[in-house]
Structure formats: structure tokens, C-alpha cells
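The residues making up each chain are set out below.
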Amino acid sequence: MQHYEGSRAVVVGGSIGGLTSALLLRKLGFSVEVFERTPEQLDHRGGGIVL
């Protein structure tokens with residue numbers, strides 16, 4: 001498996017798919033930023049995952 005130390009990635013959307021993608025990218029060595037358009041906390045929505 002190729003590692004991407006020092007590379008950057010942006011994930012748009014903090015849903016379960018976006019957060020899973022971010023975690024997998026981070027495991028590969030990417031520096032990851034996740035952007036969500038909802039300005040308020042995501043409490044009591046979806047799977048309830050907050051990072």
C-alpha cells in the first residue's frame with residue numbers, strides 16, 4: 001500500500017461517509033480537513049458522530 005505522508009486532502013461533508021473517508025485518508029498519511037456546511041453542532045442528527 002502506498003503512503004502519502006505530507007499530502008493534504010479535503011473532505012466536504014461530515015456525514016458517516018465523509019468521516020469514514022477522512023479516517024481512511026488519515027491512516028494513509030494524509031493531513032485531512034473535513035468541512036460541513038451546517039454551522040451548528042450536529043448533536044441528535046444522523047449517527048451522532050462528532051470529531
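This one's a predicted model, so the numbers in the text were calculated from it and none came from an experiment. (Residues numbered from 1 in each chain as written. Predicted model: local features only at pLDDT ≥ 70, side-chain atom pairs only at ≥ 80, totals over all residues. Heavy atoms only, no water.)

Looking at the environment of Glu36
And step 1. Inspection of the secondary structure assignment puts Glu36 in the segment after β2 (31-35).
And step 2. A C-alpha to C-alpha distance of 5.3 Å links Glu36 and Gly14, two positions 22 residues apart in sequence.
And step 3. Here the side chain of Glu36 touches Gly14 through a polar contact of 2.7 Å, landing on its backbone nitrogen. (Helix = DSSP H or I, 4+ residues; strand = E, 2+ residues; numbered from the N terminus. Polar contact = N/O pair within 3.5 Å; in protein donor to acceptor, adjacent residues only side chain to side chain.)

Re the pattern of salt bridges
And step 1. Applying the stated criterion to the full structure yields one salt bridge.
And step 2. The partner of Arg8 in a salt bridge is Glu33, with the nearest N and O atoms 3.4 Å apart. Taken together, the positions of Arg8 in strand β1 (residues 8-12) and Glu33 in strand β2 put the pair 25 residues apart, joining distant regions of the chain.
And step 3. The exposed category is assigned to Arg8, whose relative accessible area is 66%. (Salt bridge = Lys/Arg side-chain N within 4 Å of Asp/Glu carboxyl O. Buried < 20%, exposed > 50% of the residue type's maximum accessible area, 1.4 Å probe, protein only.)

Some points on helix α1 (residues 16-28)
And step 1. The end-to-end C-alpha distance of α1 is 19 Å, a good match for the 18 Å that 13 residues give at a rise of 1.5 Å each.
And step 2. Within α1, the full set of buried residues consists of Gly18, Leu19 and Ala22. Angularly, the buried residues of α1 cover 95° about the axis, an arc narrow enough to put them on a single face. Opposite the buried face of α1, at more than 90 degrees from it, the exposed residues are Ile16, Leu24 and Lys27.
And step 3. Where α1 is buried, its residues contact β1 and β2.
And step 4. In the segment just after α1, Gly29 is the residue with positive phi, at about 115°. (Expected span 1.5 Å × (residues − 1). Arc of directions from axis to C-beta. Contact = heavy atoms within 4.5 Å.)

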